[in-house]
Amino acid sequence: MSSSIVQPILEVKGLTRYFGGLLAVDQVSFTVQEQEIFGLIGPNGAGKTTLFNLITGLIPHSKGSLIYQNSPITQLKPYQIAERGIARTFQNLRLFGNLSALENVVIARHIHNQAHLISGILGLPRGVKIEQENYQKARELLAIFGLAERAEQKARNFAYGDQRRLEIARALALEPKLLLLDEPAAGMNPSEKKELSDLIRQIGKQFQLTVILIEHHVPLVMGLCDRIAVLDFGKLIALGEPEMVRNDPAVIEAYLGDE
């Protein structure tokens, strides 16, 4: 992370979400700096994925606000938030299983050239050129994730770890500035987790990304992230650099003690 960074890319201010009588996210506030790798950890049911859903507009907030690149986004729809440069992956994979890996990534590219989509379908020159560029960029992304040789294979035939990587490649096809990864290492073995950690660091630098990740594998988070926020029962109980969070008594009691 660059030492010259001063302006946060994302400001979470008192964000709160009720589900009936259940308080899932309780007045959570923090900022994320540009090109930071920011970890979000906590026990199951702590509100981590709910927080991601609030940031990406999948569910409405009850209270609080979200500021992205100095503009409020709390009232925006998910596609509007994506257009502004926020992309995500999901805890449960949402790939198009019957489509090829290449087609999965190309679909995400269309958010940037919807105006030319019809001309591409009709075979008009401008549309055809843009579609060729989409496929080229999609192949480049697959190559980064070691999936180029399997570009034409259906996504459902990929191993679980490869599906995880494909979903990240598809998210990058949106050309985000802020990438939210929901348990990207789930189901991976230790070697795959190490490779994923290196890859996240690589794409962060290569694409000048800010990354927020939810992850239960504590060693991965501690080794990868610049700062970490810890949620417990919807509340923010700790925020800081990995070593500080690791030694926080409240964090040890709520989460790390049973690792």
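Residues numbered from 1 in each chain as written. Predicted model: local features only at pLDDT ≥ 70, side-chain atom pairs only at ≥ 80, totals over all residues. Heavy atoms only, no water.

Student: Give me the overall build of the protein chain: which residues, what numbers.
Tutor: Along the protein chain, the regular secondary structure elements total 10 helices and 10 strands. Every one of the 259 residues in the protein chain was classed for burial, and the buried ones make up 51%. Of the contacts formed within the protein chain by residues at least 6 apart in sequence, a portion of 67% connects residues at least 24 apart. (Helix = DSSP H or I, 4+ residues; strand = E, 2+ residues; numbered from the N terminus. Buried < 20%, exposed > 50% of the residue type's maximum accessible area, 1.4 Å probe, protein only. Contact = heavy atoms within 4.5 Å.)

Student: Got a sec to walk through the packing of aromatic side chains? Specific residues and values, please.
Tutor: Applying the stated criterion across every chain, the model contains 1 aromatic pair. An angle of 15° between the planes, with centres 5.0 Å apart, marks the rings of Phe-30 and Phe-38 as stacked. Each member of the pair Phe-30 and Phe-38 is classed as buried. The aromatic ring of Phe-90 is capped on one face by Arg-94, whose charged end is 3.9 Å from the ring centroid. (Phe/Tyr/Trp six-rings, centres within 6.5 Å; stacked < 30°, edge-to-face > 60°. Lys NZ or Arg CZ within 6 Å of the ring centre and 35° of its normal.)

Student: Go over unusual backbone geometry, please, and point to the residues and values.
Tutor: A negative phi angle is the norm for most residues apart from glycine, just as the trans form is the norm for most peptide bonds. With a phi close to 50°, Gln-69 is a non-glycine residue in the positive phi region. Structurally, the position occupied by Gln-69 is in the loop between β4 (63-68) and β5 (71-72). For Glu-183, which is not a glycine, the phi torsion comes out positive at approximately 50°. For Glu-183, a relative accessible area of 12% translates into the label buried.

Student: Please provide a residue-by-residue account of the pattern of salt bridges, values included.
Tutor: Taken as a whole and assessed by the stated rule, the structure comprises 12 salt bridges. As a salt-bridge pair, Asp-162 and Arg-150 come within 2.7 Å of each other at their nearest N and O atoms. With Asp-162 in helix α6 (residues 160-172) and Arg-150 in the loop between α5 (125-144) and α6, this pair connects stretches of sequence that are 12 residues apart. On the basis of relative accessibility, which here comes to 22%, the residue Arg-150 falls in the partly exposed class. One salt bridge in this structure joins Lys-194 and Asp-198, with 2.7 Å as the shortest N-O distance. You can see Lys-194 and its partner Asp-198 sitting in helix α7 (residues 190-206), 4 residues apart, about one turn around the helix. When salt bridges that share partners are traced, they join Arg-150, Asp-162 and Arg-165 into one network. (Salt bridge = Lys/Arg side-chain N within 4 Å of Asp/Glu carboxyl O.)

Student: Any chance you could break down the environment of Ile-203 for me, citing the residues and the numbers?
Tutor: One can find Ile-203 in helix α7. Considered as a pair, Ile-203 and Leu-172 are 31 residues apart in the sequence and their alpha carbons are 9.1 Å apart.

Student: Which residues make up the sheet that holds β4, and what values do they have?
Tutor: Pairing between the strands of a sheet is mediated by backbone hydrogen bonds and can be parallel or antiparallel. Sheet architecture is open: 4 strands sit in the order β2-β1-β4-β5, paired in antiparallel fashion. Two strands in the sheet have a free side with no partner beyond their single neighbour: β2 (22-33) and β5. Pairing geometry for strand β1 (residues 8-19) and β2, over 8 bridges, is antiparallel. Bridged to Glu-11 within β2 is Thr-31. (Pairing = 2+ DSSP bridges.)

Student: Tell me about the side chain of Thr-50, and please be specific about residues and values.
Tutor: Secondary-structure assignment places Thr-50 in helix α1 (residues 48-55). Since its relative accessible area comes to 16%, Thr-50 is described here as buried.

Student: Run through the layout of surface pockets, naming residues and quoting values.
Tutor: The space that makes up the largest pocket amounts to roughly 510 Å³. Ala-82, Arg-88, Phe-90, Arg-170 and Leu-174 are, among the 19 residues lining the largest pocket, the residues nearest its centre. When contributions to the lining of the largest pocket are tallied by element, the ones reaching two or more residues are α2 (78-83), β6 (86-88), α3 (101-109) and α6. When residues of the lining of the largest pocket are assigned to their parent elements, the largest contribution, 4 residues, is made by α2. In terms of residue class, the lining of the largest pocket is made up of 14 nonpolar, 1 polar and 4 charged. (1 Å grid on protein atoms, 1.4 Å probe; cavity = no way out; pocket = protein on both sides within 12 Å on 5 of 7 lines; lining within 4 Å. Points joined across faces, edges and corners; volume = space filled by probe spheres on them. Nonpolar A, V, L, I, M, F, W, Y, C, P; charged D, E, K, R; others polar.)

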